[in-house]
Amino acid sequence: MQSQYRFSFGPWNIHEGADPFGPTVRGSMAFAQKLKLFKPMGYDGVQFHDDDAVPEMNDLDGAGIVKKATELKKLLEGEGLTAEFVAPRLWEDPRTIDGGYTSNDPATRAYAIERSLRAVDIANALGTKLIVLWLAREGTYIRESKDSKRAVDQLVEAVNRMLAHDPSISIAIEPKPNEPVDQAYIPTVGHAIALGHLCSDPARVGVNIESAHAILAGLDPSDEMGFALAHKKLFTVHLNDQNGIKFDEDRSFGSIDLRRAFNQVRILDKYGYGSNGEFVGLDIKAMRTQKLEASTKHLSNSRTIFLRLLDVVRGLDQKAVDGLIAERDYEELDLLIVKALMGAR
Ligand code: XLS
Ligand code: MG
């Protein structure tokens, strides 16, 4: 069991509140200002998209990119912060409208891989060895537009190029079943782990499990975590919550379904998640109704809820739990868990 968990989030989690049906509702916060909020809220790690770390990176050469990232590293050090990972953002560029690694355009596939190698260079300059791949547009709107077998081969090729570019980096694939594409090629943890086994160095390919993405796939996040833990592939997590199977809501951890969140904390704590330096990563958005001055509460709330649930997990009468399991009296066990979550005796 970890005595101390380290928490992380990305600067995109402090945002202006625009959604697909409405414009921004809050003013912007400068990146340097966001960095100052991490430690006071109990966060030590910063997650990055490659262009969070090096804005306009498409306009810079390799050396220019590393120079900018090296400057950022000094800023992080000044704030006592650690870069957790770097994720190539391949879903906004006009070239990657129909995917990056699995695009039908070979020039786009080459761009996506080149950009990913630069993300590895940024990770090195920031002092992290973890790359997260959210394969946002690696999928289809209609099946006939691509070839699902060839797509897996292309994803393996892209991962292998990153693994060869730096023999010391690890890659955490972040599965999601849909959105922005209608059907993603790597929808679940099982698909991601299987993809890793096709790559040149499977030991360096793991997963980043997002609670909401598992829920969107109709799965339980804690079971996905257990599966990844059994494979020793849980390199990081994106904790949040979600109202059922629809668009990704990125709600505060535990705010929709406390029992589901409890079971994520329970499995992570039971198997010593964090003991190899893994961060408890959050990927959450403030409600659009929050005013600017209250637009980081989802971050402090999520960490508070995680730690409160950790108290519940560690406060369980495990002897009573084991006894009820041995008795196969799951109704009684159900009540024991619900009462623990209610703070009732
Ligand atoms: C989607 C991803 C994305 C991050 C990481 O949930 O986590 O939010 O940008 O690529
Ligand atoms: Mg995420």
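Residues numbered from 1 in each chain as written. Chains lettered and ligands numbered in written order. Predicted model: local features only at pLDDT ≥ 70, side-chain atom pairs only at ≥ 80, totals over all residues. Heavy atoms only, no water.

(A) Spatial organisation of empty space enclosed by the protein. According to the stated counting rule, one finds three cavities of 30 Å³ or more in the structure shown. A volume near 60 Å³ is recorded for the largest cavity. Along its surface, the largest cavity is lined by P88, L90, W91, Y101, L133, W134, L135, A136, R137 and E138. (1 Å grid on protein atoms, 1.4 Å probe; cavity = no way out; pocket = protein on both sides within 12 Å on 5 of 7 lines; lining within 4 Å. Points joined across faces, edges and corners; volume = space filled by probe spheres on them.)

(B) Main features of the side chain of D269. As for its position among the elements, D269 is in helix α9 (residues 258-270). Excluding anything up to four places from it in sequence, D269 contacts M1, Q2, Y5, L310, V313 and R314. (Helix = DSSP H or I, 4+ residues; strand = E, 2+ residues; numbered from the N terminus. Contact = heavy atoms within 4.5 Å.)

(C) Spatial organisation of the coordination of the magnesium ion (ligand 2). Here the magnesium ion (ligand 2) is held by E174 (OE), E210 (OE), H238 (ND1) and D283 (OD), and the distances to it run 1.7 to 2.3 Å. Counting along the primary sequence, the residues that act as donors to the magnesium ion (ligand 2) give the motif E-x35-E-x27-H-x44-D. With E174 in strand β6 (residues 170-174) and D283 in the loop between β10 (280-281) and α10 (297-315), this pair connects stretches of sequence that are 109 residues apart. This pair shows no difference in class: E174 is buried, exactly as D283 is. (Donors = N, O, S within 2.8 Å, 3.2 Å for Na, K, Ca; no water. Buried < 20%, exposed > 50% of the residue type's maximum accessible area, 1.4 Å probe, protein only.)

(D) View of the side chain of D93. Within the secondary structure, D93 sits in the loop between β3 (82-87) and α4 (106-126). Of note is the side chain of D93, whose polar atom sits 2.8 Å from the backbone nitrogen of R95. Residues within four places of D93 in sequence aside, it is in contact with N58 and Y111. (Polar contact = N/O pair within 3.5 Å; in protein donor to acceptor, adjacent residues only side chain to side chain.)

(E) Highlighting unusual backbone geometry. E179 connects to P180 through a cis peptide bond whose omega is 10°. Tracing the sequence through the fold places P180 in the loop between β6 and β7 (183-184). Here the phi dihedral of E56 falls at roughly 55°; this positive angle occurs in a residue that is not glycine. Mapped onto the secondary structure, E56 falls in the loop between α2 (50-53) and α3 (62-78). On the basis of relative accessible area, E56 is assigned to the exposed category, the value being 57%. In the Ramachandran plot, K232 falls in the positive-phi region, its phi being about 55° despite a non-glycine side chain. In this fold, K232 is placed in the loop between α8 (221-230) and β9 (234-238). K232 sits in the exposed class, given a relative accessible area of 71%.

(F) Focus on the packing of aromatic side chains. All chains considered together, the criterion is met by eight aromatic pairs. Seen from their ring centres, Y5 and F306 are 5.3 Å apart, and the 75° between their planes marks the pair as edge-to-face. Here Y5 is found in the segment before β1 (7-9), whereas its partner F306 is found in helix α10, with 301 residues between them in sequence. Per residue, the accessibility class of Y5 equals that of F306, and both read buried. With a centroid separation of 3.8 Å and 5° between ring planes, the pair formed by F9 and F38 is classed as stacked. (Phe/Tyr/Trp six-rings, centres within 6.5 Å; stacked < 30°, edge-to-face > 60°.)

Fair warning: the whole summary comes from geometry, so function is off the table for now.
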